[in-house]
Amino acid sequence: MHNAFPTQPSYREQRERFLAAAKVAGATLSSYAHPLNGPFGESLSTDVAVLGDPTAKRRLVALSGTLIVIGQLFVPRLIDRRRKDRVLAFAQATSALGFAVLIFADRLPAYLAAAVIWTVGSMLAAPPNAEINSELAPPALRGRYQAVFYLTFPAASFLAPALGGASLQYLGSAHWAVVAAVGLVAAGLHLAAGPSRERHVATIRAEPAATTAPRSGHRPADRPPTDGSSRAPSSDSPARPG
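Below is a summary of the structure that appears in this document. In this text, all values refer to a predicted model and were calculated from it rather than measured experimentally. (Residues numbered from 1 in each chain as written. Predicted model: local features only at pLDDT ≥ 70, side-chain atom pairs only at ≥ 80, totals over all residues. Heavy atoms only, no water.)

### A look at the overall build of the protein chain
Here comes step 1: If you tally the helices and strands in the protein chain, you get 8 helices and 2 strands.
Here comes step 2: Evaluated residue by residue, the protein chain yields a buried proportion of 20% over its 242 residues.
Here comes step 3: Taking as baseline every contact in the protein chain between residues at least 6 positions apart, the subset at least 24 positions apart corresponds to 61%.
Here comes step 4: Counting only carbon and sulfur atoms, one obtains 64% of the accessible surface of the protein chain, whose full area is about 17,500 Å². (Helix = DSSP H or I, 4+ residues; strand = E, 2+ residues; numbered from the N terminus. Buried < 20%, exposed > 50% of the residue type's maximum accessible area, 1.4 Å probe, protein only. Contact = heavy atoms within 4.5 Å. Areas by Shrake-Rupley, 256 points an atom, 1.4 Å probe, with all protein chains shown as cover.)

See the structure below:
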């Protein structure tokens, strides 16, 4: 069995090299021992080296959450009476800019700036997204449309670690350029789809009005006149007993 595993360099040597390089780089090290031993009886462990501030991730999450809680209150007034396709295009372009910053980011302030930019884009996109879904859905299916739309968020959380990790592995910093390009393409598609989408919404709104509005000059036979005048029963309707 031992002949099936390479002996040089051994796991122990590789681990020592990794730990030494991490210490030289000033990384914070954490080790998690494995309950089993290696093929040659050596102890196994998972070593994690963190470069930079260990609290950086918590700061990023806290910053984005604080911006949403405070800033989302003012977004509806800011975008009120503006075309939804333009708001969505601007939001997507803003998010793309935030991800593009990550191409050059190598310090915590740059990551914080990127988080601010893409959080602003997300806040601007939230109201028109919900409004468009409501407008395009049949009245009886609006809840279902909204539910299906918001399934995209857990789907993204499921797929992003695998796809994003593979992309970062093979593309490096160019991964963020690809993400930014996708955002810019989405912004252009919103602008292109906006006019036809508004026409479709206008058609949907006009259909109920056309079916419920009374015809001009028409008055139901069993409704009395509103001008105080009397009305004789029509010849094609039976007279009511006095």
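### Remarks on a nonpolar patch on the surface
Here comes step 1: Residues Val 69, Ile 70, Leu 73 and Phe 74 make up a contiguous nonpolar surface patch of roughly 480 Å² in combined accessible area.
Here comes step 2: With respect to the helices and strands, Leu 73 occurs in the loop between α2 (56-71) and α3 (75-79). (Patch = residues over 30% accessible without salt bridge, like charges linked within 9 Å, V, L, I, M, F, W, Y side chains within 5 Å. Salt bridge = Lys/Arg side-chain N within 4 Å of Asp/Glu carboxyl O.)

### Section: the layout of surface pockets
Here comes step 1: Here the largest pocket defines a volume of roughly 1,300 Å³.
Here comes step 2: Along the walls of the largest pocket sit 33 residues, with Phe 99, Ser 122, Phe 153, Ala 156 and Val 179 positioned nearest its centre.
Here comes step 3: When residues of the lining of the largest pocket are traced back to their parent elements, those giving at least two are α2, α4 (84-101), α5 (108-136), α6 (142-150), α7 (152-171) and α8 (174-212).
Here comes step 4: In terms of residue count, α7 provides more of the lining of the largest pocket than any other element does, 10 residues in total.
Here comes step 5: When grouped by side-chain class, the residues that make up the lining of the largest pocket number 20 nonpolar, 13 polar and no charged. (1 Å grid on protein atoms, 1.4 Å probe; cavity = no way out; pocket = protein on both sides within 12 Å on 5 of 7 lines; lining within 4 Å. Points joined across faces, edges and corners; volume = space filled by probe spheres on them. Nonpolar A, V, L, I, M, F, W, Y, C, P; charged D, E, K, R; others polar.)

### Focus: the side chain of His 190
Here comes step 1: Position of His 190 relative to the elements: it lies in helix α8.
Here comes step 2: A residue is classified by how much of its surface remains accessible, and His 190, at 17% relative accessible area, is buried.
Here comes step 3: With sequence-adjacent residues up to four places away left out, His 190 is seen in contact with Asp 85, Leu 88, Ala 89, Gln 92 and Arg 197.

### A word on the pattern of salt bridges
Here comes step 1: Tallying each qualifying case throughout the model produces 6 salt bridges.
Here comes step 2: Between Lys 84 and Glu 131 there is a salt bridge, with its nearest N and O atoms 3.9 Å apart. Remark: Glu 131 occurs in helix α5 and Lys 84 occurs in helix α4; sequence separation between them is 47 residues.
Here comes step 3: Residue Lys 84 is classed as buried on the basis of its relative accessible area, which comes to 12%.
Here comes step 4: Sharing partners across several salt bridges, the network here consists of Lys 84, Glu 131, Glu 135 and Glu 198.

### Topic: the nonpolar core
Here comes step 1: Of all hydrophobic cores here, the largest spans 9 residues; its members are Val 75, Ile 79, Val 87, Leu 88, Ala 91, Met 123, Leu 124, Ala 125 and Ile 132.
Here comes step 2: Taken together, the elements giving at least two residues each to this core come down to α3, α4 and α5.
Here comes step 3: At 4 residues, α5 tops the list of elements feeding residues into this core.
Here comes step 4: Apart from residues lying up to four places away in sequence, Val 87 is in contact with Ile 79, Arg 82, Leu 124 and Pro 128. (Core = buried A, V, L, I, M, F, W, Y, C linked by side-chain atoms within 4.5 Å.)

### Observations regarding the packing of aromatic side chains
Here comes step 1: Tallying each qualifying case throughout the model produces 5 aromatic pairs.
Here comes step 2: Between the aromatic rings of Phe 149 and Phe 153, the centroid separation amounts to 6.1 Å while the plane-to-plane angle is 85 degrees, which identifies the pairing as edge-to-face.
Here comes step 3: You can call Phe 153 partly exposed: its relative accessible area is 49%.
Here comes step 4: Arranged with centres 5.7 Å apart and planes meeting at 20 degrees, the rings of Tyr 150 and Phe 153 form a pair that is stacked. (Phe/Tyr/Trp six-rings, centres within 6.5 Å; stacked < 30°, edge-to-face > 60°.)

### Re the pairing of strand β2 (residues 43-50)
Here comes step 1: Sheet analysis places strand β1 (residues 28-37) next to β2, joined by 7 bridges and oriented antiparallel. Its bridge partner being in β2, Tyr 32 is matched across the sheet by Thr 46.
Here comes step 2: Connecting β1 to the antiparallel partner β2 that follows it, the hairpin turn spans 5 residues, and Gly 41 within it adopts a positive phi of roughly 85 degrees. (Pairing = 2+ DSSP bridges.)

### As for the packing of α4 against α5
Here comes step 1: The contact between α4 and α5 brings their axes to 8 Å, and the two run at 155 degrees. Of the possible angle classes, the one that applies to α4 and α5 is roughly antiparallel. In this structure, the crossing between α4 and α5 has a hand that is left-handed.
Here comes step 2: Residues of the contact of α4 with α5, tallied by class, amount to 16 nonpolar, 6 polar and 3 charged. (Axes fitted to C-alpha atoms, helices over the stretch in contact; angles between N-to-C directions. Parallel < 35°, antiparallel > 145°, perpendicular 65-115°, else oblique. Left-handed = near helix turned anticlockwise from the far one by under 90°.)

Fair warning: the whole summary comes from geometry, so function is off the table for now.
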